[in-house]
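Analysis of the macromolecular model
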Amino acid sequence: MRSTTRPITVARVTILALALTLTGCTKQQIGQATGGALGGYLGSTVGGNETTRLITTAAGALAGSFLGGAIGSTMDDVDRMRAGQALESAPTGTATSWQNPDSGRSY
């Protein structure tokens, strides 16, 4: 019975990540939400009885949120590093910018 709900859950997480991206959330916030949702789902598949399942779901959501946020913030650091490189390579007194080719965000 679980195998029929899994594609729906993966689709919901994918839709959540896409919605957060379109609403202008930072990469860290997207990572936290996506990691929390996936961690909660994975935790819910581990517990034996209802109490254990509740505990593993909460633990999975917290761990996933923490890891997803850490990964997302690292990605933001990379964007800042690339923008800094663009500024360093420009001649003094000239305006410059950098655009992430994947996300389209400009800095």
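Residues numbered from 1 in each chain as written. Predicted model: local features only at pLDDT ≥ 70, side-chain atom pairs only at ≥ 80, totals over all residues. Heavy atoms only, no water.

Attention now goes to the side chain of Ser 44. Tracing the backbone shows Ser 44 in helix H2 (residues 27-44). One polar contact links the side chain of Ser 44 to the main-chain carbonyl oxygen of Tyr 41, over a distance of 2.6 Å. (Helix = DSSP H or I, 4+ residues; strand = E, 2+ residues; numbered from the N terminus. Polar contact = N/O pair within 3.5 Å; in protein donor to acceptor, adjacent residues only side chain to side chain.)

Turning next to the confidence of the model for the chain. Of all residues in the chain, 76% attain a pLDDT of 70 or more, and the chain-wide mean is 76. Taken element by element, the chain is modelled with least confidence in helix H1 (residues 2-22), mean pLDDT 61, and with most confidence in H2, mean pLDDT 84. (pLDDT = per-residue confidence, 0-100.)

When you line up the elements, Ala 61 lands in helix H3 (residues 50-89). Setting aside anything within four residues of it in sequence, one finds Ala 61 in contact with Gly 36, Gly 39 and Gly 40. (Contact = heavy atoms within 4.5 Å.)

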